[in-house]
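# Notes for the structure review
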Amino acid sequence: MMKLIKILAWFGVFCLSGIFMVASAAYLYLSPQLPSAETYRQVQLETPLRILTADLKLIEELGVRRDPISYEEIPPMMINAVIASEDARFYSHPGVDFRGLVRGFYGFIRGVNLGGGSTITMQLANNISFDSDSVYARKLKEIPFALRLQQELSKEEILTLYLNLVFFGQGADGISAAAAVYYGKTVNMMTIGEMATMVSLLPCPSVCNPITDPGRARVRRDVVINKMLAQGMINREQHAQALAETINARRHLRTIEVNAPYVAEMVRQQLYAEYGEDIYRLGIEVTTSIHSELQNAATTALTNGLENYYDRRHGYRGPEARLPATGDNIRDRWFSELAVRPDYGNHTPAVVTAVHERSLEVLLRDGSSATINWAGLEWARPFITRDNAWPAPRQASDVARVGDLVRIRRGSNGDWQLGQVPELQGAVVSVSPDNGDILALVGGYDFRYSQVNRVLAMRQPGSGFKPFLYGAALENGYTPATLINDAPFARGDYRPQNFERNFIGPITLRNAIKDSRNVPAVRLFDQLGSDKVLDFARRFGFQTENFPRNDLTVALGSADVQPLQLATAYAMIANGGQRIEPTLIKKIQTSQGVIFEAQPATPEQVVDPRIAYILNTMLRTVVEAGSGRRVAREFDRRDLMGKTGTTNGPAELWFTGFNRNIATSVFVGFDTPEALGESEQGATVAVPIWIDYMKHALRDMPESTMTRPDGLVDRLIERESGETARPGQSNTMFEVFLAEAAPAELRNQQQPRTPARNNDNTLSTEILF
């Protein structure tokens, strides 16, 4: 026996000497290939990309989370747990535990696990370098690099780097991030049991995870706790308390304060194009132009609008799926199906479990039950086409049956309603006329349902393009009182029609845009020529190089534009014709400081401000008495202007409206253009969505319109003919003209007084309308 012990002792000495010699040789050979001290001293502690609103609320956090902390912030018990589990001789070895290596090698020969020889310093070496090396090359370099780390760093620095860099699973790098992700707390708030659980993850952060396998996590945690007791790091009372703790880890989501995933993706794409993969680890913080309250209001308005103003009016398309209603373990099968169905918009998935005469019982994902009474069912007329639906249901069995996988939502009174995820999509975007800041942006019904950002999608704007046609006319000698003939018009096979399918003869430009008459618009485009119209539109930011030339349908908005482009162009009308560029990213900073900050653009006037002012007044007429008059009914204010848009089919519905402080465009349509239903117009869906949103946006905003520039005069005219009128004549109005284009003043015609409330020279609707 003694002879065997001596043999083993000499074997150990031999192995230890051999390892030391190999390590020494490897150190000398590999030293030139190892990272320099400067490199690993300056290891960048990765933090995710954070995207914030203008008022510094979190929109999104992208990348692996790592919240670096100092050595002083690491609880001593956390250090004890790591050392007990990973490297009991940490404070006594030189970065490499040669004794441990021998023990591990001996255990390998005997086929038993006597513990590995990897130290905390060696694990750190592996973490901060050799990413591109093969597994064998990395292992070979670990030992010499660990020895160098030991020479260059203190034990405290090694522990700090290690605990800030090591991966704990669930997207958490470093112990601070792990504490937040698993327990929703800071490191110093964790219990001994929680610290031991985190340490037990280090060898296997995925398969030993307490969230995915709490039973296995408990076994591994208890091993760490027992080691801490054995090494005198905790007493028996602490040991018993730690073992008694339940495994209560769960995924604590990032505290997203503002729902703006389309904004987050736009920012991510812009940054990725500039910085590549580094954006996920450099700790970049982006401040956007988004205003949190406006963003939340826009999201709510679009979600509710697509559901209420369109989808429910066109009937119920039936359940998403029909699941078995009977059989073994039927509820388990229902739960399995519900578990993979995410919420969309206001809707959550449910399975119908009982059908009564005038109500349904449904099962929700969390195991709870809900009742849908008749008030939440009676809307569900069976869908036939977008122009037709079957008669309203008379009983619940006309709507659903047991096993139907349906969508339900809360009504305004809190009661459950039957619902469905809209097929229709849309977008809302607001732009500041002052500087082009994007104040709110929603690119679709629900980002989880579809990541296509419709704010950037190219779609036909319909009559929403007409203000730029009329602006070109004003720039080329026409006035709001100029007559254009609303009569049959033909160019080859092209014969435009008005929406009402009639003609009314000569009409002023103001009335033509107010009533959105198509034939006068086409005739005007024909008179001006495409070059003048497209040049005017180009100055307002449209990509007119992609517009067809000499195509009369451009007058009616047949050339594709983005909702963002349209909102920006209208914002330039609102600000008097000054160029702005839509701006989303206001500032980019890292721990090193600000690396980008948006600068105010150099002022550039793209159109005579008098032209812009007249366009403001014409678009106010649209809201006062035209296709946007629902806006005037809903708002007790006189500073709102805008234009609807409806394309052939109709396939796209629009409303873009503004005052001096904010311009908002709403688009509605299917992703693949198709008819929405013959009764639909911009006024039926887009306008009410715009109203719902702007009620929030304008709540505390004083009335504000463009300041009236010099060089304009007012003339009393006959409203329909546009001819100069005399005082006392019926059906008259004061029209605004460029001074050089105004008609001669009739004798005794008095200039209108300026109302007291408009003595700041702002647009006076009392005068113009």
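Throughout, residues of each chain are indexed from 1 in the direction in which the sequence is written. Under the rules for a predicted model, residues below a pLDDT of 70 receive no local features and side-chain atom pairs below 80 are neither given nor counted, while totals for whole chains, interfaces and linings still include all residues. Side-chain descriptors were evaluated using all non-hydrogen atoms of the structure, hydrogens and water having been removed beforehand.

### Focus: the pairing of strand β1 (residues 49-52)
Using the following cut-off: Two strands make a pair as long as DSSP finds a minimum of two bridges between them. The numbering of helices and of strands both runs from the N terminus, where a helix is a DSSP run of H or I of at least 4 residues and a strand a run of E of at least 2.
The pairing of β1 with strand β2 (residues 58-62) spans four bridges and is classified as antiparallel. Counterpart to Arg50 in the pairing with β2 is Glu61. Linking β1 back to β2 in an antiparallel pair, the connection comprises five residues, with Leu56 at a positive phi of about 65°. When β1 meets strand β3 (residues 285-288), the two strands line up parallel, connected through three bridges. What sits directly across from Leu52, in β3, is Thr287.

### What about the sheet that holds strand β17 (residues 593-597)?
Going by this rule: Axis definition: a line fitted to C-alpha atoms, over the contacting stretch in the case of helices. Angles run 0 to 180 degrees between N-to-C directions.
The five strands are arranged β2-β1-β3-β16-β17 in an open sheet whose pairing can be described as mixed. Looking along the sheet, the strands with just one partner apiece sit at the ends: β2 and β17. Across the sheet, the mean angle separating the axes of adjacent strands is 20° when strand polarity is ignored.

### Concerning the packing of aromatic side chains
Basically, it comes down to this: The rule is short: rings of Phe, Tyr and Trp, with Trp giving its six-membered ring, pair when the centres are within 6.5 Å, and they are stacked under 30 degrees, edge-to-face over 60, tilted in between. Only protein chains enter the area calculation, which uses a 1.4 Å probe; residues under 20% of their type maximum are buried, those over 50% are exposed, and those in between are partly exposed.
Within the structure shown, the criterion is met by 17 aromatic pairs. Aromatic side chains Phe90 and Tyr91 sit 5.1 Å apart centroid to centroid with 75° between the ring planes, which places their arrangement in the edge-to-face category. Residue class for Phe90 comes out buried when judged on its relative accessible area of 0%. Ring-pair connections join several aromatic residues into one group, and the members of that group are Phe465, Phe468, Phe536, Phe540, Phe542, Phe547, Tyr570 and Phe658.

### Observations regarding a negative patch on the surface
The condition that has to hold: What goes into a patch is any residue over 30% in relative accessible area without a salt bridge, connected to like charges within 9 Å or, for nonpolar side chains (Val, Leu, Ile, Met, Phe, Trp, Tyr), within 5 Å. All accessible areas in this document rest on Shrake-Rupley with a 1.4 Å probe, and a residue is counted as covered only by the protein chains that are shown. When a carboxyl oxygen of Asp or Glu lies within 4 Å of a side-chain nitrogen of Lys or Arg, that pair is called a salt bridge. The convention is simple: Lys and Arg are positive, Asp and Glu are negative, and His and the chain ends are not counted. Think of each charge as sitting on NZ of Lys, CZ of Arg, CG of Asp or CD of Glu.
Together, Asp55, Glu257, Glu293 and Asp700 line one region of the surface with negative charge. By secondary structure assignment, the location of Glu257 is in the loop between α11 (236-244) and α12 (261-275).

### A look at the nonpolar core
Applicable threshold: For our purposes a nonpolar core is just a set of buried Ala, Val, Leu, Ile, Met, Phe, Trp, Tyr and Cys residues, chained together by side-chain atoms within 4.5 Å. Any two residues whose heavy atoms approach within 4.5 Å at even a single point are treated as in contact.
Among the nonpolar cores identified, the biggest contains 87 residues, and Phe468, Tyr470, Phe540 and Phe542 are the most heavily contacted of them. Broken down by element, the residue count for this core peaks at nine residues, all from helix α19 (residues 563-574). For Phe540, the residues in contact, after removing those within four places along its chain, are Phe468, Ala569, Met572, Ile573, Val606 and Val607. Listed in part, the 49 residues of the second largest apolar core include Ala125, Ile192, Val224 and Ile234.

### As for the packing of helix α5 (residues 120-128) against helix α7 (residues 155-165)
Where we set the bar: What sets the label is the angle itself: under 35 degrees gives roughly parallel, over 145 gives roughly antiparallel, 65 to 115 gives roughly perpendicular, and the rest give oblique. A crossing counts as left-handed when the near helix is turned anticlockwise from the far one by less than a right angle, and as right-handed when that turn is clockwise. Side-chain classes are defined by residue name, with Ala, Val, Leu, Ile, Met, Phe, Trp, Tyr, Cys and Pro counting as nonpolar, Asp, Glu, Lys and Arg as charged, and the others, Gly among them, as polar.
Axis separation between α5 and α7 bottoms out at 10 Å; the angle between their running directions is 55°. Looking at the two axes, α5 sits oblique to α7. The way α5 lies across α7 gives a crossing that is left-handed. In this structure, α5 uses Ile120, Thr121, Gln123, Leu124 and Ile128 to contact α7, whose residues at the interface are Ile158, Leu159, Leu161, Tyr162 and Leu165. When grouped by side-chain class, the residues that make up the contact of α5 with α7 number eight nonpolar, two polar and no charged.

### Regarding the sheet that holds strand β20 (residues 663-669)
The five strands lie next to each other as β13-β12-β20-β19-β18, forming an open sheet whose pairing is antiparallel. Here the strands that pair on one side only, and so sit at the sheet edges, are β13 (438-442) and β18 (641-646). When strand polarity is set aside, the average angle formed by the axes of neighbouring strands in this sheet is 5°. Across six bridges, β18 lies against strand β19 (residues 652-658) in antiparallel orientation. Note that in β19 the partner of Thr644 across the bridge is Phe655. In the packing of helix α13 (residues 292-310) onto the sheet, the strands contacted are β12 (425-431), β13 and β20, and the crossing angle to β13 comes to about 30°.

### Things to note about the packing of helix α8 (residues 175-183) against helix α9 (residues 192-200)
Think of two packed helices as two axes; the pair is described by the angle between the axes and how far apart they sit. Look at α8 against α9: their axes get within 11 Å of each other, and the N-to-C directions meet at 110°. Considering their axes alone, α8 and α9 lie roughly perpendicular with respect to each other. Crossing geometry of α8 relative to α9 is assigned as right-handed. Mapping the contact onto sequence places Ile175, Ala178, Tyr182 and Tyr183 in α8 and Glu194, Thr197 and Met198 in α9. Its residues assigned to classes, the contact of α8 with α9 shows five nonpolar, one polar and one charged.

### Some points on the confidence of the model for the protein chain
Applicable threshold: Summary of the metric used: pLDDT quantifies the predictor's per-residue confidence within the range 0 to 100.
Taken over all residues, the pLDDT of the protein chain has a mean of 88, while the share at 70 or more is 86%. Here residues 750-769 scores under 50 on pLDDT; set against residues more than four positions off or in separate chains, the count is 50 contacts.

### Notes on the pattern of salt bridges
Inspection of the entire model under this criterion finds 37 salt bridges. For Glu475, the salt bridge identified is with Arg539, shortest N-O distance 2.7 Å. Taken as a pair, Glu475 in helix α15 (residues 466-475) and Arg539 in helix α18 (residues 530-539) lie far apart in primary sequence, 64 residues in all. Relative accessible area serves as the criterion here: at 14%, Arg539 is assigned to the buried category. The salt bridge involving Glu624 is made with Arg638; its shortest N-O contact spans 3.1 Å. With a gap of 14 residues between them, Glu624 in helix α20 (residues 609-625) and Arg638 in the loop between α21 (629-634) and β18 connect regions that are remote in the sequence. Relative accessible area serves as the criterion here: at 28%, Glu624 is assigned to the partly exposed category. Under the relative-accessibility criterion, Arg638 is labelled partly exposed at 29%. Within the structure, one salt-bridge network assembled from shared partners comprises Asp311, Arg317, Arg386, Glu423 and Glu674.

### Details of α7
Along α7, nine of the 11 residues are buried, which leaves the element largely enclosed by surrounding structure. For α7, the complete set of buried residues consists of Lys155, Ile158, Leu159, Thr160, Leu161, Tyr162, Leu163, Asn164 and Leu165.

### A short note on the environment of Tyr183
With respect to the secondary-structure elements, Tyr183 resides in helix α8. Residues Tyr183 and Asn248, 65 residues apart in the sequence, show an inter-C-alpha distance of 7.8 Å. With residues up to four places along the chain from it excluded, the contact list for Tyr183 reads Ala178, Met190, Glu194, Thr197, Met198, Asn248, Ala249, Arg250 and His252.

### Notes on unusual backbone geometry
In this model, Gly649 is joined to Pro650 through a cis peptide bond whose omega is -10°. With respect to the element layout, Pro650 can be found in the loop between β18 and β19. Despite not being glycine, Leu56 shows a phi value in the positive range, around 65°. As for its placement among the helices and strands, Leu56 is situated in the loop between β1 and β2. You can call Leu56 exposed: its relative accessible area is 56%. Of note, the phi angle at Gln170 is positive, near 55°, even though the residue is not glycine. Given a relative accessible area of 27%, Gln170 falls into the partly exposed group.

### Thoughts on helix α17 (residues 518-528)
Counting buried residues along α17, nine of its 11 residues qualify, which places the element largely inside the surrounding structure. Looking at α17, one finds that the buried residues are Asn518, Val519, Pro520, Ala521, Val522, Arg523, Leu524, Phe525 and Leu528. The first or second residue beyond α17 is Gly529, which carries a positive phi of 90°.

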